[in-house]
Amino acid sequence: MRKVLGLIGLVLVLVVATYVWELSRTGQSNFLTTNNIGNLLTWVGLFGILSLGQAFVIVTGGIDLSVGSVVGLVGLLTADLLGQSGWSPAAALPVCLGLSILIGLFHGVLITKFRLQPFIVTLCGLFLYRGVARLISGDGSRGLEGNVPAALTWFGSGYVPGTFIPAPFIILLLLGAILGAFLHFTGPGRHLFALGANEEGARFSGIRVHTLKLAAYVICSLMTGIGAILLTFKVGSVTPSTFGNFYELYAIAGAVLGGCSLRGGSGSVAGVLIGATLIVLLRNLVNILHIPSQVEYIVIGGAILVGVIVDELLGERRRKQTRIAPEAQGLETKAAGK
């Protein structure tokens, strides 16, 4: 809880500092306008969905580097089926989500049954899925071509009537509530934390380690597929060589800044949502303060590095406390015996 409160405080400090800085330089602020807030919340929703999926994998002690390429492949398939091929949404969307689930199963089987490292499996996926997308499209763009009903594209780019609250943000909150309830209030969800903290201990405790790992990678890919579809609805067209590039970094950064330890075994859905907000806010500040766009990747890389360093320091502190507590208890027992 203290991590979450600390992140909320950091977000508020950044918002106030940016507003004051812009106001002092230009005499007016574009940062807290309804248009900019609506845009911010849209991207919080889109990147937050990707970060939620990544969090499930990181909690188990794994990682998924293929998120950006899965976004590219699923986004291309969505645009192709709904735009060029003229499929109905009722037929196209289950196929796109089914592909996402199959990718998650593929990763999970390689990691659990063949005991391959998640880093290697998903790194190969990063190249594989991007290559497949470029191959089947001939490196050509695919667009929705106006064939998709406005009621459907509203989920990617629309707003709640009469407000500046975007649909992707509402979807993020709904998915966050569902996944948060599963992760924090169900037996399998708690077992995911146990698995990430100590896989051998979890196995000896009777936890179905392989099944849970498989489920984590399926959930990650499914959430990535949902994010890819919403992103396609927002932008309207997909270029397979660039669509979703580096999105795995945003997903990892949101999860890590939200308190998910790369060692596994810790994290919270609330923290991930705030972590994703922080990442989007940092990206927006680069534009608002007229900082060169190349700095964006420096900011994201620095944010991930800071998150990892803080996690390492806190982890070392917890390990010291764990070692000291039994020793102190032993000394008290000896003193009582005397």
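Just so it is clear, the structure is predicted and the values come from calculations on it, not from any experiment.

So, how was this worked out
Residues numbered from 1 in each chain as written. Predicted model: local features only at pLDDT ≥ 70, side-chain atom pairs only at ≥ 80, totals over all residues. Heavy atoms only, no water. Helix = DSSP H or I, 4+ residues; strand = E, 2+ residues; numbered from the N terminus. Rg over C-alpha atoms; globule rule 2.2 N^0.38 Å. Contact = heavy atoms within 4.5 Å. Buried < 20%, exposed > 50% of the residue type's maximum accessible area, 1.4 Å probe, protein only. Arc of directions from axis to C-beta. Patch = residues over 30% accessible without salt bridge, like charges linked within 9 Å, V, L, I, M, F, W, Y side chains within 5 Å. Areas by Shrake-Rupley, 256 points an atom, 1.4 Å probe, with all protein chains shown as cover. Salt bridge = Lys/Arg side-chain N within 4 Å of Asp/Glu carboxyl O. Core = buried A, V, L, I, M, F, W, Y, C linked by side-chain atoms within 4.5 Å. Axes fitted to C-alpha atoms, helices over the stretch in contact; angles between N-to-C directions. Parallel < 35°, antiparallel > 145°, perpendicular 65-115°, else oblique. Nonpolar A, V, L, I, M, F, W, Y, C, P; charged D, E, K, R; others polar.

We now examine the overall build of the protein. Summing up its helical and strand segments, the protein has 13 helices and 2 strands in all. At 22 Å, the protein has a C-alpha radius of gyration in line with the 20 Å of a compact globule built from 338 residues. Taken along its principal axes, the extent of the C-alpha atoms in the protein is 85 × 55 × 35 Å. Excluding contacts between residues fewer than 6 apart, the proportion of contacts in the protein whose partners are at least 24 apart in sequence is 75%.

Along helix H6 (residues 150-157), the residues that are buried comprise Leu152, Thr153 and Gly156. Seen from one end, H6 has its buried residues packed into an arc of 90°, which puts them on one side. Away from its buried face, by an angle of more than 90 degrees, H6 presents the exposed residues Ala150 and Ala151. Here the buried face of H6 lies against helix H2 (34-59), helix H4 (89-112), helix H7 (167-185) and helix H10 (209-235).

The next point concerns a nonpolar patch on the surface. The grouping of Val16, Tyr19, Val20, Leu23 and Leu32 at the surface amounts to a nonpolar patch, some 400 Å² of accessible area in total. Assignment of secondary structure puts leucine 23 in helix H1 (residues 2-26).

What follows is about the nonpolar core. Residues Leu52, Val71, Leu192, Met223, Phe233 and Tyr247 are the most contacted members of the largest nonpolar core, which totals 88 residues. Leaving out residues up to four positions away in the same chain, phenylalanine 233 has contacts with Thr78, Leu82, Leu93, Leu144, Val148, Leu152, Thr153, Gly156 and Ser157.

Once that is clear, we can look at the environment of proline 149. Examined against the element boundaries, proline 149 turns out to sit in the loop between strand E1 (142-143) and H6. Of the residues examined, proline 149 reaches a relative accessible area of 41% and is grouped as partly exposed.

Where H6 contacts H10, the axes come no closer than 7 Å and their chain directions differ by 105°. With respect to H10, the axis of H6 lies roughly perpendicular. Counting all contacts with H6, which are made through Leu152, Thr153, Phe155, Gly156 and Ser157, the residues of H10 involved are Leu230, Phe233 and Lys234. When the residues that make up the contact of H6 with H10 are grouped by side-chain class, the tally is 4 nonpolar, 3 polar and 1 charged.

All right, on to the side chain of serine 221 then. Residue position: serine 221 is located in helix H10. Discounting residues that sit within four places of it in the chain, serine 221 has contacts with Asp64, Ser100, Ile103, Gly104 and His107.

Before going further, it helps to spend a moment on unusual backbone geometry. In this structure, arginine 115 is a non-glycine residue whose phi angle is positive, near 55°. You can call arginine 115 exposed: its relative accessible area is 60%. For phenylalanine 246, which is not a glycine, the phi torsion comes out positive at approximately 70°. For phenylalanine 246, the location among the structural elements is in the loop between strand E2 (237-238) and helix H11 (247-257).

Turning our eyes to something else, we now look at the pattern of salt bridges. Scanning the model with the defined rule gives 5 salt bridges in all. Of the charged contacts, one joins arginine 142 and aspartate 80 as a salt bridge, the two residues approaching to 3.2 Å between their closest N and O atoms. Of this pair, arginine 142 sits in strand E1 while aspartate 80 sits in helix H3 (residues 67-84), placing them 62 residues apart in sequence. By relative accessible area, arginine 142 is classed as buried at 19%. Judged by its relative accessible area of 23%, aspartate 80 is partly exposed. Through salt bridges with shared partners, a single ionic network connects Glu199, Glu200, Arg203 and Lys213.

Our focus in this paragraph is the packing of H7 against H10. Remark: H7 packs on H10, axes separated minimally by 13 Å, with the N-to-C direction vectors making an angle of 170°. Overall, the two elements H7 and H10 adopt an arrangement that is roughly antiparallel. Mapping the contact onto sequence places Ile171, Leu175 and Leu179 in H7 and Ile219, Met223, Ile226 and Leu230 in H10. Residues of the contact of H7 with H10, tallied by class, amount to 7 nonpolar, no polar and no charged.

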